[in-house]
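Listed below are the residues making up each chain.
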Amino acid sequence: MKIMSIAGARPNFMKLAAIADAVKTYNERNVTLNGCTNIEHIIVHTGQHYDAKMSHSFFDDLGIPKPDVNLEVGSATHAVQVAEIMRLFEPVLLKEMPDALVVVGDVNSTIACTLVAAKINYPITAKRKRPAIIHVEAGLRSFDRDMPEEINRILTDSISDLLFVTEQSGVNNLKDEGVPENKIHLVGNVMIDTLQKQLERAKHSNIKQTMGVKGRYGLVTLHRPSNVDSIETLQPLFETLIKISKKINLIFPIHPRTKNNAKQFKLFSLIEECPGIQLTDPLGYLDFLNLTSTAILVITDSGGIQEETTYLGIPCVTLRENTERPITFEIGTNYLIGTSPSRIYKVVADILGGNGKDASIPQLWDGRTGERIIKKIVTSVNCLCK
Ligand code: UD1
């Protein structure tokens, strides 16, 4: 069986790592399931993220095999980025003709490659007419169609053949959209597979010594276009962080989008010169996990970090009005609080005052999700897209 996986942007890489590991384990076990003794795994990097710190370091940290193909699309508007990925991916798919295409998450690379695969016609002599399309992290919905990721999620799910879901809300959303139940599989969270596997190594990272971090600290990430693409939203957020930094030191690995915008809006020096805020370039996986796992709290607008903090039991203050990962605030450590400065400040003060919440880890976030996914792919792909 030949499986092709797509990765393009930073949040994809930890998910791909778990898939690649599960394929490796399947091959090493020498089992034969459904006539399949060996899986050939081809990795395609679209190049959506291309900086060493946003991309290559994750492959190194997580031991992901070097991509077989890199489309090197780079940054552009959404339309150009998606179009370029599609244009460059089509010949790769036709050359390799995998049995299954695995796409993860909700970035532009996810929808671009899915769309190519859904419409491709393998030559008549091939054993199937197109690859079975497998979406890992399906069904999540923020119900906010202003988010580019929400559009990517809805479209990807609607043309995928197998949908692997991290939490019950995803199953419910897909059923509500009329997706047949036999396509939907609640399997848990591949990102947590990777986190579990790497946590011990991450504890040995020397990032705190390198950065001179001493004592308690909060960790900050911000990159959502709705927060960072206009001065009206970014300035009050920066001012709130500065106020918070008087209560607790903040470490802020700044995303290129946020840094570029802050410079353009002439806000960068505000944050750069603040004594309680330590800015750094984006960090590698192990360094970032090291800092997350011992933070007093995390302030973020990321999707995946809401899940990682829930698993780690670290309070997460999410600066968004909605989340596609509701389990993280229903049973996890997440506080979904929007962007009002007074509300952010109050919630942070409450957490620092020791008023955290009781939290638990969602069902099936147990480190074995990749294994469940590969088993299901092996046992069902032959019946799909004949
Ligand atoms: C993308 C994803 C988002 C994910 C985020 C994580 C989409 C629609 N968005 O958003 O879901 O949470 O990645 O980072 O796919 N840039 C660099 N170096 C890089 C990559 C980007 O400098 O390696 C800069 C470029 O100036 C670029 C900007 O960052 O224009 C934004 O990159 P882009 O890939 O468009 O989107 P993200 O905001 O990173």
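See the structure above.
Analysis parameters
- Residues numbered from 1 in each chain as written.
- Predicted model: local features only at pLDDT ≥ 70, side-chain atom pairs only at ≥ 80, totals over all residues.
- Heavy atoms only, no water.
- Helix = DSSP H or I, 4+ residues; strand = E, 2+ residues; numbered from the N terminus.
- Buried < 20%, exposed > 50% of the residue type's maximum accessible area, 1.4 Å probe, protein only.
- Contact = heavy atoms within 4.5 Å.
- Pairing = 2+ DSSP bridges.
- Core = buried A, V, L, I, M, F, W, Y, C linked by side-chain atoms within 4.5 Å.
- Near = heavy atom within 4 Å.
- Polar contact = N/O pair within 3.5 Å; in protein donor to acceptor, adjacent residues only side chain to side chain.
- Areas by Shrake-Rupley, 256 points an atom, 1.4 Å probe, with all protein chains shown as cover.
- Nonpolar A, V, L, I, M, F, W, Y, C, P; charged D, E, K, R; others polar.

Visitor: Lay out the side chain of His49 in plain terms, naming residues and giving numbers.
Guide: Take His49: it is sitting in the loop between strand S2 (40-45) and helix H2 (52-62). We classify His49 as buried; its relative accessible area is 18%. Here His49 is in contact with Gly8, Ala9, Arg10, Met54, Ser55 and His255, once residues within four sequence places are set aside.

Visitor: Describe the pairing of strand S8 (residues 217-221), naming the residues involved and giving the relevant values.
Guide: Judged by how many residues are buried, S8 sits mostly within the fold: five of five residues are covered. Neither face of S8 is exposed, since Tyr217, Leu219 and Thr221 on one face and Gly218 and Val220 on the opposite face are all buried. With three bridges connecting them, S8 and strand S9 (residues 249-253) associate as parallel partners. Looking at the pairing, Tyr217 lines up with Asn249 of S9.

Visitor: Account for the nonpolar core, with residues named and values stated.
Guide: Of all hydrophobic cores here, the largest spans 31 residues; its most connected members are Phe238, Leu241, Phe252 and Ile299. Going through the elements one at a time, helix H10 (231-244), S9, helix H12 (268-272), strand S11 (297-300) and helix H16 (341-352) are the ones with two or more residues in this core. Per element, the largest residue contribution to this core is six residues, and it comes from H10. Among all residues touching Phe238, those that are not within four sequence positions of it are Leu222, Phe252, Thr258, Ala262, Leu267, Leu270 and Ile271. Ala18, Cys36, Ala132 and Val136 belong to the second-largest nonpolar core, a separate cluster that totals 24 residues.

Visitor: Quick one: what's the story with the sheet that holds strand S1 (residues 2-7), residue by residue and with numbers?
Guide: Strands in a sheet are paired, the pairing made by backbone hydrogen bonds, and the direction either parallel or antiparallel. As summarised here, the arrangement of the seven strands in space is S3-S2-S1-S4-S5-S6-S7, forming an open sheet in which the pairing is parallel. The outermost strands of the open sheet, each flanked by one partner alone, are strand S3 (69-70) and strand S7 (184-186). As defined by bridge partners, S1 adjoins S2 across six bridges and the pair is classed as parallel. Opposite Ile6, over in S2, you have Val44 as the bridge partner.

Visitor: Describe the site of the ligand, and please don't skip the residues or the numbers.
Guide: The immediate surroundings of the ligand are formed by 22 residues, with Gln48, His49, Glu149, His223 and Arg257 found nearest. The side chain of His49 places a nitrogen or oxygen atom 2.8 Å from an oxygen atom of the ligand. Separating an oxygen atom of the ligand from a backbone N or O atom of Tyr50 is a distance of 2.9 Å. For the ligand, whose unbound accessible area comes to 740 Å², protein coverage reaches 87%. Of all the elements in the fold, those that place two or more residues in the shell around the ligand are helix H1 (10-29), helix H3 (78-96), helix H5 (148-158) and helix H11 (256-264). Here the shell around the ligand is built from residues that sort into six nonpolar, ten polar and six charged.

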